[in-house]
Amino acid sequence: MVLEGNPEVGSPRASDLRHPGTQGSCVLSSPGEDAQPGEEPIKYGELIVLGYNGCLASGDKGRRRSRLALSRRPHANGVKPDVMHHISTPLVSKALSNRGQHSISYTLSRSHSVIVEYTHDSDTDMFQIGRSTENMIDFVVTDTSPGGGAAEGPSAQSTISRYACRILCDRRPPYTARIYAAGFDASSNIFLGERAAKWRTPDGLMDGLTTNGVLVMHPAGGFSEDSAPGVWREISVCGNVYTLRDSRSAQQRGKLVENESNVLQDGSLIDLCGATLLWRTPAGLLRAPTLKQLEAQRQEANAARPQCPVGLSTLAFPSPARGRTAPDKQQPWVYVRCGHVHGYHGWGCRRERGPQERECPLCRLVGPYVPLWLGQEAGLCLDPGPPSHAFAPCGHVCSEKTARYWAQTPLPHGTHAFHAACPFCGAWLTGEHGCVRLIFQGPLD
């Protein structure tokens, strides 16, 4: 029985709140309804999962991949808030039985729930992200373990929600993208149970947070050579911005940040408690290096014929087509504390400090000794600068500005910890700066 209805209900910013629906998967190549045959679809942006360096270990397949473009759909599938009902809990299942009706259910007590119904919005496209492989999820994301790769095995307990979040994109210029916590399930519903953080807003509407939360960080100065990390915030179900909770799943919400919004910017980071995604806009991707540029840089570095200063052998970065397998004989290695680049050798081990600890024969500093690998995910780079720096201790190589930006960017880990990590493999960074400038020796002839 409907006790109360309000057809004017919406979020605190009703004009901005539009939620993704669940029909279909992400459009990668189909033109929009007003596009001409043969034209490329309008791209809203791309999502890149940190830690995979261009491809999942098992290969990019369908909706499970390391990078996904969000493009305008042939037909809009957005929904927006319409009517709010106060009902008794025994009637909740009946009220939500219509799969064609999107809704969000806020359980306040065993005898009281608030249901907000949503109606179709022809002005927006919506995309859902989560761990579930059901059809309503456009981008399937699994937990990323430090060092690269997904957490596997029956003992790996995922902390990513099955329906983690949703992104709404305006179908008309400037194609603004907004993010909201939680996604609609197979019944076109979002449920916030009795234990979930939820509240009534000052204007009488409802809002809430998901169990482990959806965190967003917008970089200061955009995602460019002058970028600096921003402040991590939490996004609510209705797209409002809050300061972080005391711990990831605490029931007490943070404070409302009224002067910030859920609009995604170039370089915005989205953390789903187990995986972190980077949002790149089409304009931002035009400034990023291309795969051809990265390959040209690799060939240029190899053409300089760097040599091992001790063994005098010529070093060369391997082709990305070979993948990150066992290092070959020409693979450059680096002492990550000093940056001196060598070929592989077996001397200088300090076993009392660990199997990777070696003493540099040039400067005598002791530290990890690892092979160098070029970063191959161009969308993670701030600029097309030369590959001059390596992250410590993993040895992934990129430009100086890219290395320094990620080395000072704290990424969420666990319930309340933050660590800087290599964007290419997810390994936690160590040392004073998290990266080191590479020192190559040129050929003697």
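Owing to the predicted nature of the structure, the values given are computational and were not obtained by experimental measurement.

## Overview of the overall build of the protein
- Each helix and strand in the protein was counted, giving four helices and 29 strands.
- Looking at the protein alone, contacts between residues at least 24 apart form 66% of all its contacts between residues at least 6 apart.
- For the protein, the accessible area works out to roughly 20000 Å², and carbon and sulfur atoms hold 51% of it.

## Some words on the pattern of salt bridges
- Enumeration according to the criterion identifies 15 salt bridges in this entry.
- A salt bridge links Asp125 to Arg171, with the nearest nitrogen and oxygen atoms 2.8 Å apart. Remark: Arg171 occurs in the loop between strand S10 (165-170) and strand S11 (177-181) and Asp125 occurs in strand S8 (residues 124-130); sequence separation between them is 46 residues. Summarising the burial analysis for this pair, Asp125 and Arg171 share the class buried.
- The structure contains a network of salt bridges with shared partners spanning Lys43, Glu46, Arg67 and Glu377.

## Structural notes on the sheet that holds strand S19 (residues 276-280)
- An order of S4-S3-S19-S18-S15-S16-S17 is seen for the seven strands of this open sheet, with the pairing classed as antiparallel. Two strands lie at the open edges of the sheet, namely strand S4 (67-71) and strand S17 (241-242), each paired on one side alone.
- Here strand S16 (residues 232-235) runs beside S17; their pairing, made up of two bridges, is antiparallel. Directly across from Ile235, in S17, lies its bridge partner Val241.

## What about helix H3 (residues 291-303)?
- Compared with an ideal rise of 1.5 Å per residue, which puts 13 residues at 18 Å, H3 spans 18 Å between its outermost C-alpha atoms and is within 8% of the ideal.
- Within the sequence span of H3, burial applies to Leu294, Gln297, Arg298 and Asn302. Axial view of H3: buried residues confined to an arc of 135 degrees, hence all on one face. Of the exposed residues in H3, the ones pointing more than 90 degrees away from its buried face are Lys292, Glu300 and Ala303.
- On its buried face, H3 is in contact with strand S24 (373-374).
- Downstream of H3 by one or two residues, Arg305 has phi in the positive range, about 50 degrees.

## Remarks on the sheet that holds strand S20 (residues 333-335)
- Spatially, four strands are ordered S21-S20-S23-S22 in an open sheet, and the strand pairing comes out antiparallel. Whereas interior strands pair on both sides, the edge strands pair on one side only; in this sheet they are strand S21 (341-342) and strand S22 (357-359).
- In the sheet, S22 pairs with strand S23 (residues 366-371) via three bridges, with the strands oriented antiparallel. When the sheet's bridge partners are listed, Arg358 is paired in S23 with Gly367.

## Regarding the environment of Glu300
- One can find Glu300 in helix H3.
- A relative accessible area of 60% means that Glu300 is categorised as exposed.
- Put simply, Glu300 and Pro386 are 86 residues apart on the chain and 9.5 Å apart in space, counted from C-alpha to C-alpha.

## Regarding the packing of aromatic side chains
- The tally for this structure, following the rule as stated, stands at 13 aromatic pairs.
- Both rings, one in Tyr44 and one in Tyr175, keep their centres 6.0 Å apart while their planes meet at 50 degrees; by these two values the pair is tilted. Here Tyr44 is found in strand S3 (residues 43-49), whereas its partner Tyr175 is found in the loop between S10 and S11, with 131 residues between them in sequence.
- Residue classification places Tyr44 among the buried positions, given a relative accessible area of 3%.
- Judged by relative accessible area, Tyr175 falls into the partly exposed class, the value being 23%.
- On the numbers, 5.4 Å between centres and 80 degrees between planes, the contact of Tyr405 with Trp406 is edge-to-face.
- Here the aromatic residues Trp333, Tyr335, Tyr344 and Tyr369 are joined through ring pairs into a cluster of three or more.
- Seen from the ring of Trp199, Arg253 lies directly overhead, with NZ or CZ sitting 4.5 Å from the centre.

## Considering the environment of Gly100
- Checked against the element boundaries, Gly100 lands in the loop between helix H1 (92-95) and strand S6 (103-109).
- For the pair formed by Gly100 and Ser187, sequence separation is 87 residues and the distance between their alpha carbons is 8.0 Å.

## Thoughts on unusual backbone geometry
- Between Pro173 and the following residue, Pro174, the backbone shows a cis peptide bond with an omega angle of 10 degrees.
- Note on placement: Pro174 falls in the loop between S10 and S11.
- Its identity is not glycine, yet Asn53 carries a phi of approximately 50 degrees, on the positive side.
- As for its placement among the helices and strands, Asn53 is situated in the loop between S3 and S4.
- The backbone of Arg364 shows a phi angle near 70 degrees, a positive value even though the residue is not glycine.

## Some thoughts on a nonpolar patch on the surface
- Taken together, the side chains of Val310, Trp347 and Leu362 define a hydrophobic patch exposed on the protein surface, amounting to about 270 Å² of accessible area.
- Looking at the secondary structure, you find Val310 in the loop between H3 and S20.
- We classify Val310 as partly exposed; its relative accessible area is 37%.

## Notes on the nonpolar core
- Core analysis: the biggest nonpolar cluster contains 30 residues, and Leu47, Ile129, Ile167, Ile179, Ile270, Leu272 and Leu277 have the highest contact counts within it.
- Those elements that place two or more of their residues in this core are S3, S4, S8, S10, S11, strand S15 (214-217) and S19.
- Excluding residues within four positions of it along the chain, Leu272 makes contact with Ile129, Thr159, Ile160, Ala164, Cys165, Gly213, Val214, Arg248 and Leu277.
- Membership of the second largest hydrophobic core comes to 27 residues, among which are Ile48, Leu278, Leu429 and Cys435.

Thresholds applied
- Residues numbered from 1 in each chain as written.
- Predicted model: local features only at pLDDT ≥ 70, side-chain atom pairs only at ≥ 80, totals over all residues.
- Heavy atoms only, no water.
- Helix = DSSP H or I, 4+ residues; strand = E, 2+ residues; numbered from the N terminus.
- Contact = heavy atoms within 4.5 Å.
- Areas by Shrake-Rupley, 256 points an atom, 1.4 Å probe, with all protein chains shown as cover.
- Salt bridge = Lys/Arg side-chain N within 4 Å of Asp/Glu carboxyl O.
- Buried < 20%, exposed > 50% of the residue type's maximum accessible area, 1.4 Å probe, protein only.
- Pairing = 2+ DSSP bridges.
- Expected span 1.5 Å × (residues − 1).
- Arc of directions from axis to C-beta.
- Phe/Tyr/Trp six-rings, centres within 6.5 Å; stacked < 30°, edge-to-face > 60°.
- Lys NZ or Arg CZ within 6 Å of the ring centre and 35° of its normal.
- Patch = residues over 30% accessible without salt bridge, like charges linked within 9 Å, V, L, I, M, F, W, Y side chains within 5 Å.
- Core = buried A, V, L, I, M, F, W, Y, C linked by side-chain atoms within 4.5 Å.

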